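One letter stands for each residue in the lines below.
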Amino acid sequence: MNIPFLPEPQGLSLPGPLQPLFPEPLEWSGLAEKNVSADVLRLDRLHPVISGNKWFKLKGYLQEALQSPGHTVITFGGAWSNHLIAAACAARQHGLSAVGIVRGERPPVLSATLTAAADYGMQLEFIPRGEYAKKETPDFLRQLTDRFPDAYIIPEGGAGLIGIKGSENILRTTDSGQYTHILCAVGTGTTLLGLIRASQPHQSIIGVPVLKGMNEISAIYPTALSTPDPAGWLTPEQINRARLLPGYHFGGYARHPPELLDFINRWYRETGVPSDIVYTGKLFFALWDSIRQDLFPTHSRLLVIHSGGLQGNLSLAPGILDF
Ligand SMILES: *Cc1c(COP(=O)(O)O)cnc(C)c1O
């Protein structure tokens, strides 16, 4: 089955310097020892706010919103959401109004992420956690469209088919066919599905889940595809080449025990690559540990997707991280 790429949406561009993306060789002594090479695709350098995989996932949704009558997007996220701040900034740049539905009660002091999102003009609405969990139910969505008629709803994290197709473009930014393994962090799994679809038969695609209990590739279908069935989206051949590396969630989503923080600092000192406490820190830890354990055959050429998200580190007290 040949599943086509989503064409680049017309007329959507990032103002300001959009850095050309080159995979950077990972300068780390542990690699040479094992005769394995790794390049890091620094999507964190894409844009200071609309960072990493979020731009790839958002682009198609914004394109649809621009063609919708309301010129308004609604989306969802937590207090430190990379998606929410990226959506707020991108909506502003493209002349769209934005509403952010935020998980939890309004705190007395807004997080740096929400403050910035509000500065970009996003209207923030706080809803209790219990209700937030129901945000994909028809009832909730009906209430939302009653209140914001003509608004275009972007799923949390840019999950869903449009986000998957947008993520395929990540591998098209570079000559990715030369790699044997492609690694990324997994939240909803939307990015991973895009990478799998854009990969080639000689490549293994490895996702590192940041959530507890996500162990098998099938665990991402409900969050990324809203269905337990990948038929039509992945071929059996693609499913066979993809897998998750569980066991690196450090206690669950957004958990960041001292062991992880120490690693992130050490990794930065040894490689010069900064990472975040929710996603990429766990990805690089998994990479480090897997190489130590000889998971990759000699002469493997790894491409590690740095999916950005460094702004989330602002949730830490100053001085905890060395960068
Ligand atoms: C959102 C995010 C992810 C997870 O992407 P999914 O497509 O939801 O799996 C990974 N890394 C970073 C930095 C993110 O912000």
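For the structure, see preceding data.
The structure contained in this document is the topic of the report that follows.

Here is what the cut-offs are and how they apply
Residues numbered from 1 in each chain as written. Predicted model: local features only at pLDDT ≥ 70, side-chain atom pairs only at ≥ 80, totals over all residues. Heavy atoms only, no water. Buried < 20%, exposed > 50% of the residue type's maximum accessible area, 1.4 Å probe, protein only. Helix = DSSP H or I, 4+ residues; strand = E, 2+ residues; numbered from the N terminus. Pairing = 2+ DSSP bridges. Axes fitted to C-alpha atoms, helices over the stretch in contact; angles between N-to-C directions. Parallel < 35°, antiparallel > 145°, perpendicular 65-115°, else oblique. Contact = heavy atoms within 4.5 Å. Nonpolar A, V, L, I, M, F, W, Y, C, P; charged D, E, K, R; others polar. Core = buried A, V, L, I, M, F, W, Y, C linked by side-chain atoms within 4.5 Å. Near = heavy atom within 4 Å. Polar contact = N/O pair within 3.5 Å; in protein donor to acceptor, adjacent residues only side chain to side chain. 1 Å grid on protein atoms, 1.4 Å probe; cavity = no way out; pocket = protein on both sides within 12 Å on 5 of 7 lines; lining within 4 Å. Sits in = over half its atoms within 2 Å of the grid points. Domains from an automatic or database assignment. Phe/Tyr/Trp six-rings, centres within 6.5 Å; stacked < 30°, edge-to-face > 60°. Points joined across faces, edges and corners; volume = space filled by probe spheres on them.

Side note on the pairing of strand S2 (residues 37-42)
Right, so step 1: The element S2 is extensively covered by neighbouring structure, given that five of its six residues are classed as buried.
Right, so step 2: By the bridge criterion, three bridges tie strand S1 (residues 23-25) to S2 in an arrangement that is antiparallel. Directly across from Glu24, in S2, lies its bridge partner Val40.
Right, so step 3: Inspection of the sheet shows S2 paired to strand S10 (residues 301-306) by six bridges, in the parallel sense.

What to know about the packing of helix H11 (residues 258-271) against helix H12 (residues 280-292)
Right, so step 1: Axis separation between H11 and H12 bottoms out at 10 Å; the angle between their running directions is 75°. Taken as axis vectors, H11 and H12 run roughly perpendicular relative to one another. Packed against H11, whose contacting residues are Glu259, Leu260, Phe263, Ile264, Arg266 and Trp267, the element H12 presents Gly281, Lys282, Phe284, Phe285, Leu287 and Trp288 at the interface.
Right, so step 2: In terms of residue class, the contact of H11 with H12 is built from eight nonpolar, one polar and three charged.

Brief notes about the sheet that holds strand S6 (residues 152-153)
Right, so step 1: Taken in spatial order, the four strands make up an open sheet running S5-S4-S3-S6, and their pairing is parallel. Two strands lie at the open edges of the sheet, namely strand S5 (123-127) and S6, each paired on one side alone.
Right, so step 2: Pairing of strand S3 (residues 72-77) with strand S4 (residues 97-103) involves six bridges; the strand directions are parallel. Note on S4: the bridge partner recorded for Phe76 is Ile101.

Focus on the nonpolar core
Right, so step 1: Leu192, Leu193, Ile220 and Ile305 are the most contacted members of the largest nonpolar core, which totals 57 residues.
Right, so step 2: At eight residues, helix H3 (residues 82-93) tops the list of elements feeding residues into this core.
Right, so step 3: Ala185, Phe250, Leu287 and Val304 belong to the second largest nonpolar core, which has 35 residues in total.

With respect to the site of the ligand
Right, so step 1: By nearness alone, 14 residues border the ligand, and Lys54, Lys57, Thr188, Thr191 and Ser307 come closest of all.
Right, so step 2: Between the ligand and Asn53 there is a distance of 3.0 Å, counted from an oxygen atom to a side-chain nitrogen or oxygen.
Right, so step 3: Placement of the ligand is best described as lying within the largest pocket.
Right, so step 4: Listing elements by their share of the shell around the ligand, those giving two or more residues are helix H2 (53-67) and helix H8 (190-198).
Right, so step 5: When residues of the shell around the ligand are assigned to their parent elements, the largest contribution, three residues, is made by H2.
Right, so step 6: Domain assignment of the residues forming the shell around the ligand places at least three in each of domain 1 (18-49 + 161-315) and domain 2 (54-158).

What to know about the packing of aromatic side chains
Right, so step 1: Across all of its chains, the model carries ten aromatic pairs by this definition.
Right, so step 2: Here Phe263 and Phe285 contribute two aromatic rings whose centre-to-centre distance is 5.0 Å and whose plane-to-plane angle is 70°, an arrangement assigned as edge-to-face. In this pair, Phe263 is assigned in helix H11 and Phe285 in helix H12, connecting sequence segments 22 residues apart.
Right, so step 3: Judged by centre distance (5.8 Å) and plane angle (50°), the rings of Phe263 and Trp288 are tilted. Here the residue Phe263 occupies a position in helix H11, and Trp288 occupies one in helix H12, the gap between them amounting to 25 residues. For the pair formed by Phe263 and Trp288, the shared burial category is buried.

Regarding the layout of surface pockets
Right, so step 1: Size it by volume and the largest pocket reaches roughly 990 Å³.
Right, so step 2: Lining the largest pocket are 43 residues, with Glu156, Gly157, Thr188, Tyr253 and Tyr279 positioned closest to its centre.
Right, so step 3: Among the elements of the structure, H2, S3, H3, strand S7 (181-186), H8 and helix H9 (221-225) are those that each provide at least two residues to the lining of the largest pocket.
Right, so step 4: Sort the elements by how many residues they give to the lining of the largest pocket and H2 lands first, with three residues.
Right, so step 5: Here the residues of the lining of the largest pocket are counted per class, giving 15 nonpolar, 21 polar and seven charged.
Right, so step 6: Of the domains in this structure, domain 1 (18-49 + 161-315) and domain 2 (54-158) are the two that each give at least three residues to the lining of the largest pocket.

Some thoughts on the environment of Gly252
Right, so step 1: Note that Gly252 resides in the loop between strand S9 (242-244) and H11.
Right, so step 2: The spatial distance from the C-alpha of Gly252 to the C-alpha of Leu211 is 4.8 Å, given a sequence separation of 41 residues.
Right, so step 3: Those residues within four positions of Gly252 in sequence are excluded, and the remaining contacts are Val210, Lys212 and Lys282.

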